[in-house]
Amino acid sequence: MSVNLSKGQAISLEKKDGATLTAVRMGLGWQAAKRRGLFGSRTREIDLDASAVLFAGAEPKDVVFFRHLVSDDGSVRHTGDNLVGGAGQGGDDEAILVDLQRVPVHIDQIVFTVNSFTGQTFQEVQNAFCRLVDETNGQELARYTLAGGGEYTAQIMAKVHRSGSGWTMTAIGAPARGRTFQDLMPAILPHL
């Protein structure tokens, strides 16, 4: 059963039987918002990009995004760039797979971001979400829905971080400005 997260809420990634998750997928979905125009309703393609920044403490050590699809150690993998979105409430438009057992021990946090590469604001996006899925069985564990639009071009969506011998997911949902993950680094740091 999936948990709908609210901003700042955290959930343990330990399975009900006490086992820890071994592999998860952070999925991102969105749709372009319909706009009223002279000739009726229309949409404009929106290119959102999912990224995962791997941290050791407050120090970024690696990143996975559309131009670097696999982390240097191979534990995190981006499935590819979607230039238009469209899944919205259905499936994922972009996904980042994390093999939790292979994440190096010095990496204690993985922060997931989304940004509008083409610079459209989130006022032009609807049905945006990120969700965490148990990659071994396809079960959705948690979902964070981006409610409402805004004048920002990016969002620090969530983080997966070490908690004792396991992992925890925290919904962040912080708006930011930037076209790439590099632009978002000052906005990410307060959430570590």
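Quick look at the structure, then. Please read these numbers as outputs of a predicted model, since none were measured by experiment.

Here we take up the environment of Lys 61. Here Lys 61 is to be found in strand S7 (residues 59–64). For the pair formed by Lys 61 and His 106, sequence separation is 45 residues and the distance between their alpha carbons is 9.5 Å. Filtering out sequence-adjacent residues up to four positions away, Lys 61 remains in contact with Leu 54, Ala 56, His 106 and Ile 107.

Turning next to the packing of aromatic side chains. Under the criterion given, the structure shown has three aromatic pairs. Relative to Phe 117, the ring of Phe 66 lies with its centre 5.4 Å away and its plane at 80°, an arrangement referred to as edge-to-face. Of the two residues, Phe 66 sits in the loop between S7 and strand S8 (76–78) while Phe 117 sits in the loop between strand S10 (109–116) and strand S11 (125–134), which places them 51 residues apart along the sequence. Put simply, the rings of Phe 65, Phe 66, Phe 117 and Phe 181 touch in pairs and so form one group of aromatic residues. Taking NZ or CZ as reference, Arg 179 lies 4.6 Å from the ring centre of Phe 117, over its face.

Glancing now at the nonpolar core. Among the nonpolar cores identified, the biggest contains 38 residues, and Leu 13, Val 76, Val 98, Ile 110, Phe 112, Leu 132 and Met 169 are the most heavily contacted of them. Contributions of two or more residues to this core are made by strand S3 (23–32), strand S6 (48–56), strand S9 (94–99), S10, S11, strand S12 (140–145), strand S13 (154–163) and strand S14 (166–176). Looking at this core, the element that brings in the most residues is S3, giving five residues. With residues up to four places along the chain from it excluded, the contact list for Phe 112 reads Met 26, Ser 51, Ala 52, Ile 96, Val 98, Gln 155, Ile 156, Met 157, Ala 158, Lys 159 and Val 160. Membership of the second largest hydrophobic core comes to 14 residues, among which are Val 53, Ile 172, Leu 184 and Met 185.

Calculation criteria
Residues numbered from 1 in each chain as written. Predicted model: local features only at pLDDT ≥ 70, side-chain atom pairs only at ≥ 80, totals over all residues. Heavy atoms only, no water. Helix = DSSP H or I, 4+ residues; strand = E, 2+ residues; numbered from the N terminus. Contact = heavy atoms within 4.5 Å. Phe/Tyr/Trp six-rings, centres within 6.5 Å; stacked < 30°, edge-to-face > 60°. Lys NZ or Arg CZ within 6 Å of the ring centre and 35° of its normal. Core = buried A, V, L, I, M, F, W, Y, C linked by side-chain atoms within 4.5 Å. Buried < 20%, exposed > 50% of the residue type's maximum accessible area, 1.4 Å probe, protein only.

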